[in-house]
Amino acid sequence: MPATLRDRVTPTAVGLVSRAWVIGEVERWPDLDAEARARAIDALVAYEPPRRHPVRDNAIFWTGTLGCAALADALGAPGWAGFVAALIGFALLARALAVRALRWRLERFVDEDAPR
């Protein structure tokens, strides 16, 4: 199943990963048949990892971004530059964690779908 342009711009439930990425990951598993691939793609697109500590995560984000803004201001750079740098860093971290969770879920799906 090749990824289309629409798949490249359609986000998954995680938000930071596209449907095309999910299709590419599922296609790399050689032992899945076409029906299992379609079920795996649908399951991964709808999968959202549990959020266990939203208040803590929110506090870490705002402390980090405002701290980077203050640090940039103290170093003589505009404060918004530090804020944007921290924002990009948190976005990259969030995407890495989302990719890791989706790969873990795909492995669980393949293990459940494997014939015994």
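Residues numbered from 1 in each chain as written. Predicted model: local features only at pLDDT ≥ 70, side-chain atom pairs only at ≥ 80, totals over all residues. Heavy atoms only, no water.

A contiguous nonpolar patch, built from Trp-80, Val-84, Ile-88 and Leu-92 and spanning about 450 Å² of accessible area, is present on the exposed surface. Following the sequence through the fold, Leu-92 ends up in helix 5 (residues 79-113). (Patch = residues over 30% accessible without salt bridge, like charges linked within 9 Å, V, L, I, M, F, W, Y side chains within 5 Å. Areas by Shrake-Rupley, 256 points an atom, 1.4 Å probe, with all protein chains shown as cover. Salt bridge = Lys/Arg side-chain N within 4 Å of Asp/Glu carboxyl O. Helix = DSSP H or I, 4+ residues; strand = E, 2+ residues; numbered from the N terminus.)

In this structure, Val-17, Val-22, Val-26 and Leu-102 are the most contacted members of the largest nonpolar core, which totals 19 residues. Counting residues per element, the ones that place at least two in this core are helix 2 (19-27), helix 3 (34-46) and helix 5. Among the elements that line this core, the one with the most residues is helix 5, at six residues. Filtering out sequence-adjacent residues up to four positions away, Val-26 remains in contact with Leu-32, Arg-37, Ala-40, Ile-41, Leu-44 and Leu-106. (Core = buried A, V, L, I, M, F, W, Y, C linked by side-chain atoms within 4.5 Å. Buried < 20%, exposed > 50% of the residue type's maximum accessible area, 1.4 Å probe, protein only. Contact = heavy atoms within 4.5 Å.)

Glancing now at the side chain of Glu-25. Looking at where Glu-25 falls in the secondary structure, it is placed in helix 2. The class of Glu-25 is buried, set by a relative accessible area of 8%. Separated by 2.8 Å, the side chains of Glu-25 and Arg-28 make a polar contact. (Polar contact = N/O pair within 3.5 Å; in protein donor to acceptor, adjacent residues only side chain to side chain.)

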